[in-house]
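Residue-level structure breakdown
One letter stands for each residue in the lines below.
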Amino acid sequence: MIEFIAHNLAPIMFLSLIAFLLLGYPVAFSLAANGLLFFWIAVELSPYSNDIRLSWPLLQTLPIRVLDVMRNDTLLAIPFFTFMGIILEKSGMAEDLLDTVGQLFGPIRGGLAYAVILVGALLAATTGVVAASVIAMGLISLPIMLRYGYDRPLATGVIAASGTLAQIIPPSLVLIVLADQLGRSVGDMYAGALIPGLILTGLYCLYVFVVSILRPAKVPALPAEVRTLGGGVMSLIVALLVGAIIAFAANYLLQDRIENGAAIWAATIAVALVYFAAVLDKLLGVGVLSRLAQQVIIVLIPPLALIFLVLGTIFLGIATPTEGGAMGATGALVLAFAKRRLDFKTMSDALEATTRLACFVMFILIGSRIFSLTFYGINGHIWVEELFTALPGGEWGFLIAVNILVFVLGCFIDFFEIAFIVIPLLAPVAVKFGIDLVWFGVILGVNMQTSFLTPPFGFALFYMRSVAPAAAWFDKVSSRTIAGVSTLQIYRGAVAFIILQCIMIVVVLLFPRLSIPDAGPAIDPSTIEIELPPLGGEGEGQPELPPLDFGQPPEINPQ
Amino acid sequence: MQPLLAVSRVIDAVTGFIGHHIRWLILAAVLVSTTNAIIRKLFDISSNAWLELQWYLFGALFMLAAAYVLQRNGHVRIDVVSGRLAERTRQWIDLFCHILMLLPLVLVMISLGIPFVIESYQSQEISTNAGGLIIWPSKLFILLGFFLLLFQAVSEIIKRIGFLTGALKEPEPEPTHGITPEDLGVHGGPQK
C-alpha cells in the first residue's frame, strides 16, 4: 500500500489539489498548503520511491522562491495596467468614445453594434481590464440599444464579447501572465497576439454585418433625431486624407534622419497636427470642419495617443512592458485630471481595487511556487508529460487536448488560476513537441478569453448582469416602459460569440504565421534589458536545486 | 467569547489601517517606473537602485497587503461547489481551512523567514546588480507579510467561531473577484 502511494504520489497530489480547490478556500492558500502537506508526505515516503527527490533542507528554499516572485519585473505590469484601466474608466473616456463613434456609425444598420466592437477594441488596446470595458459599455450603450429596439441577446452578447477583447489585444493582463509562465518576453507575446486580436475584432464586425443582412430587424439604425452631431462625414474623410498626406510627407522627410520607427513618428506628427487643427477650429468657431468631424477627432485622439504611449513604445523597444504600463497609468492620470474627473477618493478607490487584484494574483503565484517545489520534486512534471505524450496524434493530439482542457476549465475557473496552475504543467510538454511557445501562448490566450463568456461562470456575463436592467424601467427619452433583460437572454447572446471564439482558435492553430511571423520578434529584448544577471545563488549552504521551477527552461530533463 | 472578539477587532483595525495606507505604494511605483523610463530615454542614464525600487515598492505592497485582502475576503476562491453550500457550511469549511491550511503555512514561512532575514542583515547582503539596493529589507517584507497574515488568520478564526456560536452577528464580507462593478462605482441597475 505504502509503495503504491509512493509510486503514484504525483497523481494523488494533483487529485487532492483539485479536492482542496473545490472546497472553495482561497486558491493561493490551498495551493501552498497542498504543496507543504505533500512535501511532508513525500519526504516520509522517499525511501520507497526513486521518483521522490525531496528532503527537509530543500524546504529552506521557500523564502527564496517568494523573493523571486517579488523580484519579477514583468508581473509589475499587472498593477500598472489594472490601475490604468480603472482610472480610464473613471475618466469617462469610454462614454465619450461610445457617444461619438455611435453617432458616426448610427445611421447604418447595426451601427451601434459596430461602435461597441470598435470602442471595445480601442479600450482593449489601452488597457487590459475586461471588467472596466464591459461595465462602461454596458452602462452607456445597452440602454440606447434597448431603446431603439436592438435584439436583446445580440446587444448583451456584443457588449460582453467586445469587452473581452481586452483579454487578447495587447496590453492584456493574461498575455503578461502567460509570457511569465511560458518564459517568453511580454513584447513577443504582444506582437504575437496583435494580429489575431484584430482578426477577431473583424470577425465580430462580420457577424454583425451578416445579422444586419439576414435579420435587419435585430439591429436597427438610429433615427435621425438622436444624431445630435448631425451629418458631415465628408468633412471627416477630408480631414483624414489631409492627415494621411501629412503623414506620408513627414515619413518621406524623416526616413533618412531616423534609424527606426520613422513611420511611427510621422504618424504621430500627422495625428498631432490634425488634433490641434480640430481643437483650434472648435475654439475659434471657424467651422472648417463639420461638428461631427471635430468631435470624432477630438474624442478619438487622446485614446490613440495613449495607445501609442503604451503599445508604440513597447513595440519600438523604447520601453519595457512594465514601463509602458507605468507610462500608460501616468497618462491616464493626466487625462483624468485634465477632464476634472480625478479626486482623492477616486484615486484611493482605484488604488484599493488594484491592491486587491495585484495581491491575490501574486499570492496565487507564491502558492503555485510552493506547490511546484513539491510537485516537481516528486517528478510530477514527468507524469504530466507521459500523460500527454501517450495521446494519439502527436503534436496535434496534444494541442487539441490542451484546448479542450483549457476551454472546459475556463467554464468553471478564471484565467489567473488556469495560467498559474495548468500552464506551467503544459509548457514543458509543448517544448517536447517542438511547439513555439509564443504561438502556444496566443492560442491559449484566445481560448482563455472564452472563459469570460461561458455560462454560468463567465465573468463578462456577471458584469453584464450587474449593469443590465433586470426589471422593466421607464425610459424618459422615449417616454415608454422598456422590459428588463433576463439572465437567459444574456447567456443566449454569448453563444454566437463563443462560436466565433472557437473559430478564431482554429484559425490561429492552422495559421501559426499570424502570431510568429518569419521576421522574428518585433523587439530584441537584449536592447531593453539593463539589469545584470544575478551571480550564483544567494546565501550559503543552500542545497543544490534540481530544475524545479515552473518558470525554468523546460528543456532540461532532470533525470 | 467577547474578549476574543475584542482581540479580533484590534487585529482587524491594525490590518485595516495598513491596508488603507499601503495602497499608495502603487502610485509611487507607477511614478518611479515612469520617471525611470523617461530619464533613460532622454538622458541615456539608468540607475539599478531606482529600477530595483520599482519591485521593492510592489513587493512591499503585496506582501503587506495580503492580510488586508484576506480580511476583505479578496483572495480568489473557486466557488463552483461552495457557491451552492449553505452559509454555515461555508463558515465551517473556512474555519477548518484557516486552522489546517493557513496557520501551518504561515508558521512554516515565518520559521523559515526569520533566519532568512537575520542572515541577510548580518552579512549586509547587497543586490548583485551594480549600484543595487541592500537586500534585507525586501526579505523583511516577506517575513512581516506572513506575520500580519498570522495575526489576521487568528482574527478570522475568532470571527468564524463567533459567527458559528452566534456571538458575532455580521457575516463575512462578500467574496470579491478581481475588479468588481462596485470598484467602478456601479451598484446594479441602469444608471441613465
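Residues numbered from 1 in each chain as written. Chains lettered and ligands numbered in written order. Predicted model: local features only at pLDDT ≥ 70, side-chain atom pairs only at ≥ 80, totals over all residues. Heavy atoms only, no water.

Section: the overall build of chain A
Along chain A, the regular secondary structure elements total 22 helices and 2 strands. The C-alpha radius of gyration computed for chain A amounts to 25 Å, which stays within 12% of the reference 24 Å derived for 559 residues, consistent with globular compactness. Over its C-alpha atoms, taken along the principal directions, chain A stretches across nearly 85 × 60 × 50 Å. Taken over 559 residues, chain A has a buried fraction of 59%. Here the contacts in chain A between residues at least 6 apart in sequence split such that 77% fall between residues at least 24 apart. Total accessible area computed for chain A in this model is approximately 21,500 Å², and 68% of it derives from carbon and sulfur atoms. Distance between charge centroids for chain A: 17 Å, based on 26 positive and 36 negative side chains. (Helix = DSSP H or I, 4+ residues; strand = E, 2+ residues; numbered from the N terminus. Rg over C-alpha atoms; globule rule 2.2 N^0.38 Å. Buried < 20%, exposed > 50% of the residue type's maximum accessible area, 1.4 Å probe, protein only. Contact = heavy atoms within 4.5 Å. Areas by Shrake-Rupley, 256 points an atom, 1.4 Å probe, with all protein chains shown as cover. Lys, Arg positive; Asp, Glu negative; His and termini not counted. Charge placed at Lys NZ, Arg CZ, Asp CG, Glu CD.)

Let's talk about the interface of chain A and chain B
Contacts between the two partners involve 85 residues from chain A, matched on the other side by 75 residues from chain B. Both faces combined, the contact of chain A with chain B buries some 7,500 Å², and carbon together with sulfur accounts for 74% of it. It is Tyr25, Met70 and Arg356 of chain A that lose the most area in chain A upon contact with chain B, and together they represent 11% of the buried surface on that side. In this assembly, chain A and chain B are joined by 2 salt bridges. The salt bridge partner of glutamate 352 of chain A is arginine 72 of chain B, with a shortest N-O separation of 2.4 Å. The set of elements that each furnish at least two residues to the side of chain A that touches chain B consists of helix H2 (9–22), helix H3 (27–45), helix H4 (62–71), helix H5 (77–90), helix H8 (130–147), helix H15 (321–338), helix H16 (344–377) and helix H21 (459–467) of chain A. Sorting elements by how many residues they give to the side of chain A that touches chain B places H16 of chain A first, with 17 residues. Tallied by class, the residues present in the side of chain A that touches chain B amount to 61 nonpolar, 11 polar and 13 charged. (Buried area = accessible area lost by both parts, 1.4 Å probe. Salt bridge = Lys/Arg side-chain N within 4 Å of Asp/Glu carboxyl O. Nonpolar A, V, L, I, M, F, W, Y, C, P; charged D, E, K, R; others polar.)

Some points on the confidence of the model for chain B
All names here are of chain B. On average, residues of chain B carry a pLDDT of 87, and 95% of them reach 70 or more. Per-element confidence in chain B is highest for helix H5 (residues 136–165), whose mean pLDDT is 94, and lowest for helix H2 (residues 24–43), whose mean pLDDT is 90. Confidence drops under a pLDDT of 50 for residues 188–192, and excluding neighbours within four residues, the segment shows 9 contacts in the predicted structure. Under the prediction, the complex receives an ipTM of 0.93, its pTM being 0.86. (pLDDT = per-residue confidence, 0-100.)

Some remarks on the packing of helix H18 (residues 394–412) of chain A against helix H22 (residues 487–510) of chain A
All names here are of chain A. Direction vectors running N to C along H18 and H22 enclose 155 degrees, while the axes themselves pass 12 Å from each other. Classified by the interaxial angle, the pair formed by H18 and H22 is roughly antiparallel. In terms of crossing hand, the pair formed by H18 and H22 is right-handed. Within the contact between the two elements, H18 uses Trp396, Leu399, Asn403 and Phe407 and H22 uses Ile498, Cys502, Ile505 and Leu509. Its residues assigned to classes, the contact of H18 with H22 shows 7 nonpolar, 1 polar and no charged. (Axes fitted to C-alpha atoms, helices over the stretch in contact; angles between N-to-C directions. Parallel < 35°, antiparallel > 145°, perpendicular 65-115°, else oblique. Left-handed = near helix turned anticlockwise from the far one by under 90°.)

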